[in-house]
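Each chain, letter by letter, is given below.
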Amino acid sequence: MVLPFISLYIESMGNFSDSYVQNWSGWIFAITFVTAFIFSPIWGRIGDKYGRKKILIFSAAGIGISILLMGFATTVWQLFLLRLVMGVATGFIPMSQAFISTQTPKHIAGRVLGTLQTGSITGTLMGPLLGGTLADAFGYSNTFKWVSITVFISAIIVILGVKELHLKLSEDEQDEQSYTRKQVIQHIITNPVLLVVMLISTLVQVAHFSIQPILSLFVADIHGPENIAFFAGIAFSAAGLGNLLMTRKWGRIGDKTGYIKVLIFLLFMAGIVYFPGAFVTNIWQLVVLRFLLGISIGGIIPVRIAYIRQTAPLSMQGEVLGYNTSLRFLGNIIGPALGGMLSGFFGFSAVFFVTSALLILSGLIMLFCWYKYEYRPINNRSLTANRG
């Protein structure tokens, strides 16, 4: 709800140059993820030991308080500091992924996590449109206050409606034993494909978030100032609609054909779709491309989490997903700052070119690693067996 107008909110705080607003939009958007990057593995480990429901309640309450106070911010620095503090509690959706992942059998993990992602994407779809409409009608400050209410409602729903069950989904002793932090890190490092899947989380988020904080400014550039928050909301929501239509289907396809194959395909598809954004001349061209981007990027999160569910023992799921979330947040830190810098120095088109290149590079890295460590060894074993 607030993403479409963060840059416009900054603009309303003073008589700033375009370059100043673009750069601060990037930093204010990214700073939340600096603290989230540090705290995500900590919350993941605490969730593994003491229960994830408590962390979900803490996260929702912390985010709600932070956003409420943002509605009272009067300077860029106040907004910056509140976004920084918010990062400590940020992680409701990743913790939800860990919560559901540990209570889901491996063979349907993609479909179930895809369903969870559908819920997340529905918010991504409705939020920008609703936020843009409220901002145009009631102003930016009041919209922050309304958003905080929706987050507090989430906390209440978790308190009253969620029960954490301790299910036995596996007979494997590895799924039940306790692991030290060193053993968890060692498990990740000694599984090259898992490690690359997690590292690519950073590159994907750099690519995806490089345009997010300046998208409303880009919309203003190609459409004009009329109802800018509303049209920025449409541009944001178009990607959410594409996500909503396909994310569960990608999860189901991953269950059947293999998560890494689907991930490689989606990375290349997203890279190709991002490229034409540099050449759009009106808002509806941008909306169509954002919709296609949503279709391609919608399956990346559920197939990635499902692969982690498949390769990491249950009792370390929260911490492994915490590290994965940290790597995602690292991308969220770099992406907005990179996008703000590129647009400030080279124009909006440069952001689309770099983003497209990063996604295609991610696809190439994933393809090479999968072929070397999973596809080729299996084929070699099959060939040896046939010769025997």
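Sequence order as written defines the numbering, with residues in each chain counted from 1. Per-residue local features are limited, in this predicted model, to residues with pLDDT of at least 70; the limit for side-chain atom pairs, both in listing and counting, is 80 or more; totals at the level of whole chains, interfaces and linings are taken over all residues. Side-chain measures here rest on the full set of heavy atoms in the structure, leaving out hydrogens and waters.

Here we take up the confidence of the model for the protein chain. Residue-level confidence of the predictor is summarised by pLDDT, bounded by 0 at the bottom and 100 at the top. Confidence in the prediction for the protein chain averages 80 pLDDT; 90% of positions are at 70 or higher. Helix and strand labels come from DSSP, where a helix needs a run of H or I of at least four residues and a strand needs a run of E of at least two; each type is numbered from the N terminus. Put simply, helix α6 (residues 109-138) is where the protein chain has its lowest mean pLDDT, 74, and helix α12 (residues 259-274) is where it has its highest, 91.

The axes used here are C-alpha line fits, helices contributing only the stretch in contact, and every angle between their N-to-C directions lies in the interval 0 to 180 degrees. With their axes 13 Å apart at the nearest point, helix α9 (residues 192-209) and α12 run at an angle of 20° to one another. As the angle between them shows, α9 and α12 are arranged roughly parallel. Between α9 and α12 the crossing geometry is left-handed. Judged by residue contacts, V193, V197, I200, V204, A207 and H208 of α9 engage I260, L263, L267 and Y274 from α12. Three categories are distinguished: nonpolar for Ala, Val, Leu, Ile, Met, Phe, Trp, Tyr, Cys and Pro, charged for Asp, Glu, Lys and Arg, and polar for the others, with Gly belonging to the last. Each residue belonging to the contact of α9 with α12 can be placed in one class, and the counts come to nine nonpolar, one polar and no charged. Small angles under 35 degrees read as roughly parallel and large ones over 145 as roughly antiparallel, with 65 to 115 read as roughly perpendicular and the rest as oblique. Crossings are classed by handedness, with left-handed meaning an anticlockwise turn of the near helix from the far one by less than a right angle and right-handed meaning a clockwise turn. Contacts between residues were defined by any pair of non-hydrogen atoms, one from each residue, lying within 4.5 Å.

A separate point is helix α4 (residues 76-89). Multiplying 1.5 Å by the residue count of a helix minus one yields the expected span of that helix. Over its 14 residues, α4 extends 21 Å from the first C-alpha to the last, a length consistent with the 20 Å expected when each residue adds 1.5 Å. Residues of α4 that are buried include every one of V76, L79, F80, L82, R83, M86, G87 and A89, and no others. Within α4, the buried residues cover an arc of 165° as seen down the axis, which keeps them to one side. On its buried side, α4 packs onto α1 (6-11), α2 (18-50) and α3 (52-70). Looking at the residues trailing α4, positive phi occurs at G91, about 145°. The rule is simple: take the accessible area with a 1.4 Å probe, protein chains only, and divide by the maximum for that residue type; under 20% is buried, over 50% is exposed, in between is partly exposed. Here, the arc refers to the directions that run from the helix axis to the C-beta atoms.

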